[in-house]
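Overview (structure and organization)
In case you want the letters, here they are:
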Amino acid sequence: NNQVNIILFGPPGAGKGTQAQFIVKKHNYFQLSTGNLLRDEVELKTLVGLEIETLISNGKFASDETVNKLLRQSITNLKFRDRIIFDGYPRNVNQAKNLELILGEFNQTIGHVIFLNVSRDIIEKRIMGRMTCEKCHMILNEFFNEEQIELHPCGKEHLKKRKDDNLQTVVARYDTYMKVTKPVLDFYSKNANFTEIDGATEIDHITNKINAVLKV
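Report follows, based on the coordinates. (Residues numbered from 1 in each chain as written. Predicted model: local features only at pLDDT ≥ 70, side-chain atom pairs only at ≥ 80, totals over all residues. Heavy atoms only, no water.)

Focus: empty space enclosed by the protein
One water molecule sets the probe size; rolling that probe over the atoms shows where empty space is left. Overall, the coordinates contain 1 cavity of 30 Å³ or more when judged by the stated rule. One number sums up the size of the largest cavity: a volume of about 30 Å³. As for the largest cavity, its lining consists of Gln 19, Phe 22, Ile 23, Lys 26, His 27, Thr 207, Ile 210 and Asn 211. Within the residue set of the lining of the largest cavity, elements represented by two or more residues are helix H1 (16-27) and helix H9 (203-214). When residues of the lining of the largest cavity are assigned to their parent elements, the largest contribution, 5 residues, is made by H1. For the lining of the largest cavity, the per-class residue count stands at 3 nonpolar, 4 polar and 1 charged. (1 Å grid on protein atoms, 1.4 Å probe; cavity = no way out; pocket = protein on both sides within 12 Å on 5 of 7 lines; lining within 4 Å. Points joined across faces, edges and corners; volume = space filled by probe spheres on them. Helix = DSSP H or I, 4+ residues; strand = E, 2+ residues; numbered from the N terminus. Nonpolar A, V, L, I, M, F, W, Y, C, P; charged D, E, K, R; others polar.)

Take a look at the structure:
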């Protein structure tokens, strides 16, 4: 039984979500995304949910205290011990220390910390280069799929770029993430179970690397 809890890190646009789903499907894991936990509370209109909604609508983050409370609650209810994948948590050192405390209460540990590292210019190219075929809706990237664009069956004149300015937003999120998460990475990278994976390679390549780390 190779089941262990995993923390999956990576900047926005690194493909964490995609990889987390693969792990969930293939290894029967439970994905604990704090974003989803918070959204669920808001939808259930619990007291905590209403607090969260007020914060978020004012552009603020839910407090560590709230996130920790929800986390503890959901680990308490989980049948998935030793099979949790933490996605996008912990975001700061305070949360990282707290996670160890919570897991300690349930006799749980973190088996692997995996960091999907993607440089800022790759993230920019992923966004800037995105082209969608207006006929078959296939998404290609002018920086990474030059050949496929030339040979696109619908004809490359149908590949259009979205005129959106979300580059600013994404780059800002990337910078914030890197600044805030750096101390957390330093906190974990001292551990033997820390692995950094190049998130700029093909999706299957990353999946294979993760499988190799999980030895499955």
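Focus on the nonpolar core
Core analysis: the largest hydrophobic core is formed by 30 residues, its most contacted members being Ile 7, Phe 9, Leu 71, Ile 75, Phe 86, Leu 99 and Tyr 188. Of all the secondary structure elements, the ones that give two or more residues to this core are strand E1 (5-9), helix H2 (34-44), helix H3 (47-57), helix H4 (64-77), strand E3 (84-87), helix H5 (93-105), strand E4 (110-117) and helix H8 (166-189). Not counting the four nearest positions on each side in its chain, Ile 75 is found in contact with Leu 32, Arg 81, Ile 84, Phe 86, Ile 102, Leu 103 and Phe 106. Counting 22 residues, the second-largest nonpolar core is a separate cluster that includes Ile 6, Leu 8, Tyr 29 and Leu 116. (Core = buried A, V, L, I, M, F, W, Y, C linked by side-chain atoms within 4.5 Å. Buried < 20%, exposed > 50% of the residue type's maximum accessible area, 1.4 Å probe, protein only. Contact = heavy atoms within 4.5 Å.)

Quick look at the packing of aromatic side chains
Each aromatic ring pair is described using two quantities: the centre-to-centre distance and the angle formed by the ring planes. Evaluated as defined, the whole model comprises 3 aromatic pairs. Centroid distance Phe 9 to Tyr 188: 5.9 Å. Interplanar angle 50°. Geometry classified as tilted. Taken together, the residues span a long stretch of sequence, with Phe 9 in strand E1 and Tyr 188 in helix H8 at a distance of 179 residues. Summarising the burial analysis for this pair, Phe 9 and Tyr 188 share the class buried. Feature note: the residues Phe 9, Phe 187 and Tyr 188 constitute an aromatic cluster, connected by ring pairs. Across the ring face of Tyr 177, the terminal group of Lys 16 is positioned such that the distance to the ring centre comes to 5.6 Å. Its guanidinium or amino end placed over the ring of Phe 143, Lys 125 lies 5.5 Å from that ring's centre, counting from NZ or CZ. (Phe/Tyr/Trp six-rings, centres within 6.5 Å; stacked < 30°, edge-to-face > 60°. Lys NZ or Arg CZ within 6 Å of the ring centre and 35° of its normal.)

Honestly, it's all geometry; don't read function into it.
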